[in-house]
Amino acid sequence: MAQEDKEKIKEIIEEDIWGSIKEFLDLGFHYTSGDKSIHITIGILLLLTLAFVVTSFVLQWVRRLFTRRMETDDKLKFISIFKFIKYVVYIVVILFTMSAAGIDITILITASAALFVGLGLALQDLFQDIIGGIFIIVDKSLRVGDIIEVDGKVGKVFEIKLRTTRAITRDDKIIIIPNHHFISDIVYNYTQNHKTTRENVKVGVAYGSDVQLVTSILEGLVKEQRGVLKSPKPFVLFEDFGDSALLFSLNFFISDSFTDPRLKSELRYKIDAAFRKNNITIPFPQRDVHIYQQTPFQHSNVQTDTK
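Presented here is a report on the structure given in the accompanying data block. (Residues numbered from 1 in each chain as written. Predicted model: local features only at pLDDT ≥ 70, side-chain atom pairs only at ≥ 80, totals over all residues. Heavy atoms only, no water.)

Another aspect to go through is the overall build of the chain. A tally of helices and strands in the chain yields eight helices and ten strands. Burial status across the chain gives 28% buried among its 307 residues. Long-range pairs, those at least 24 residues apart, make up 60% of the contacts in the chain between residues at least 6 apart in sequence. Surface exposure of the chain reaches about 22,200 Å², of which carbon and sulfur atoms provide 58%. (Helix = DSSP H or I, 4+ residues; strand = E, 2+ residues; numbered from the N terminus. Buried < 20%, exposed > 50% of the residue type's maximum accessible area, 1.4 Å probe, protein only. Contact = heavy atoms within 4.5 Å. Areas by Shrake-Rupley, 256 points an atom, 1.4 Å probe, with all protein chains shown as cover.)

Sheet topology places strand β3 (residues 147-150) next to strand β4 (residues 153-160); four bridges connect them, and they run antiparallel. For Val150, the partnering residue across the bridge sits in β4 and is Lys153. What sits between β3 and β4 in their antiparallel hairpin is a turn of two residues, with Asp151 showing a positive phi close to 55°. Taking the residues between adjacent antiparallel strands as the criterion, β4 and strand β5 (residues 164-169) are bridged by three residues. (Pairing = 2+ DSSP bridges.)

Sheet architecture is open: five strands sit in the order β6-β5-β4-β3-β7, paired in antiparallel fashion. With one partner strand each, in any of the chains shown, β6 (174-178) and β7 (188-189) form the two edges of the open sheet. Looking at chain direction, β4 and β5 are connected through five bridges and run antiparallel. The partner of Glu159 across the bridge, within β5, is Arg166.

Next up on the list: the pairing of β3. With two bridges connecting them, β3 and β7 associate as antiparallel partners. Across the sheet, residue Glu149 finds its bridge partner in β7, namely Tyr188.

Moving on to the side chain of Thr215. Note on placement: Thr215 falls in helix α7 (residues 211-224). At a separation of 2.9 Å, a polar atom in the side chain of Thr215 contacts the main-chain carbonyl oxygen of Val211. Apart from residues lying up to four places away in sequence, Thr215 is in contact with Val236 and Phe248. (Polar contact = N/O pair within 3.5 Å; in protein donor to acceptor, adjacent residues only side chain to side chain.)

Another aspect to go through is the packing of aromatic side chains. Applying the stated rule across the entire model yields two aromatic pairs. Arranged with centres 5.3 Å apart and planes meeting at 55°, the rings of Phe238 and Phe241 form a pair that is tilted. We classify Phe238 as partly exposed; its relative accessible area is 38%. With a centroid separation of 4.6 Å and an interplanar angle of 15°, the aromatic rings of Phe238 and Phe248 are classed as stacked. Of the two residues, Phe238 is situated in strand β9 (residues 235-241) and Phe248 in strand β10 (residues 246-254); the sequence distance between them amounts to ten residues. (Phe/Tyr/Trp six-rings, centres within 6.5 Å; stacked < 30°, edge-to-face > 60°.)

Let's shift gears to helix α8 (residues 260-277). The end-to-end C-alpha distance of α8 is 26 Å, a good match for the 26 Å that 18 residues give at a rise of 1.5 Å each. Restricting attention to buried positions, one finds in α8 the residues Asp260, Leu263, Lys264, Leu267, Ile271, Ala274 and Phe275. Buried residues in α8, looked at end-on, bunch into an arc of 100°, giving them a common side. When the buried face of α8 is taken as reference, the exposed residues oriented beyond 90 degrees from it are Arg262, Tyr269, Arg276 and Lys277. Turning to α8, the residues buried within the fold contact β8 (197-205), α7 and β10. At the exit of α8 stands Asn279, carrying a positive phi of roughly 55°. (Expected span 1.5 Å × (residues − 1). Arc of directions from axis to C-beta.)

Turning to its location among the elements, Ile168 is positioned in strand β5. C-alpha separation for the pair Ile168 and Lys153, spaced 15 residues apart in sequence, amounts to 9.9 Å. Residues contacting Ile168, with those up to four places away along its chain left out, are Val154, Gly155, Lys156, Phe158, Lys173, Ile174 and Phe258.

With respect to the helices, strands and loops of the structure, Asn251 is situated in strand β10. You can call Asn251 buried: its relative accessible area is 3%. Among the polar contacts made by the side chain of Asn251, one reaches the side chain of Ser249 at a distance of 3.1 Å.

Now for the sheet that holds β8. The three strands are arranged β8-β10-β9 in an open sheet whose pairing can be described as antiparallel. Each of the sheet's edge strands pairs with one partner strand only, and the pair in question is β8 and β9. Neighbour to neighbour, the strand axes of the sheet diverge by 25° on average, direction disregarded. Bridge count between β8 and β10: nine bridges; the pairing is antiparallel. Counterpart to Glu199 in the pairing with β10 is Phe252. Packing of α7 onto the sheet brings it into contact with β8, β9 and β10, and relative to β10 it is tilted by some 20°. Where α8 meets the sheet, its contacts fall on β8 and β10, and the angle it forms with β8 comes to roughly 30°. (Axes fitted to C-alpha atoms, helices over the stretch in contact; angles between N-to-C directions.)

Here's what the structure looks like:
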């Protein structure tokens, strides 16, 4: 009797309970064309959902493992790359799960090949931006806070994303730069190696001026200027004999090149006042015009009849 009861229970489980579950899981869309067939059932959808959940858990664990000792900036950069990798992993998981479930994925790959080619051509700039973003993040060629010059515009980087980099210009405007510019174009980075930059203010004085006095005035003004570094030491160069002036350049080092136009403006105000006080003239361009006459000038009197 006990053996018969066990057999009945086994039959009930296999035929009734498991059979009903299997019928439920097999419900869905079934398409057959020749030797090829596609079946999208509840079981497949549940399997895909489970694969997504497990994959998400594993990816989160991997992300925490790699970012637990990173600095904040590096962590944000890694997360940006990780998002792109996550999408690729999800696609691979979907294809692998469907193949493991008995679905012939070659039909899907063949049918979508032309679509992938079209998308690749249409989105090649997007892919270049993403690759550029990955290179920026991996080799650290650009960091938040760097001062860069792109297309003649100077900006301070405040955000680096996978596709674009954002910087604020000196006139408080936001410039959005696609990342492929950093791998295909020439970009000046003022603060790549260090935060200090060398700047200069050029000035011309009239011929006959005391050049030693000019040098002394410039050196004295730059030493008292707020924002100019004491080391490296500022210096003055007598650059050239210009067409209308003796040309000098006042060279100095600062730690904030983003605001250097204001500092240069202050120095120019002070230079102008100091030169006026010491009777040093800042000349303007002048040209001497010589007129050469080939033939003698003939003057003829024109008489008019008056009545």
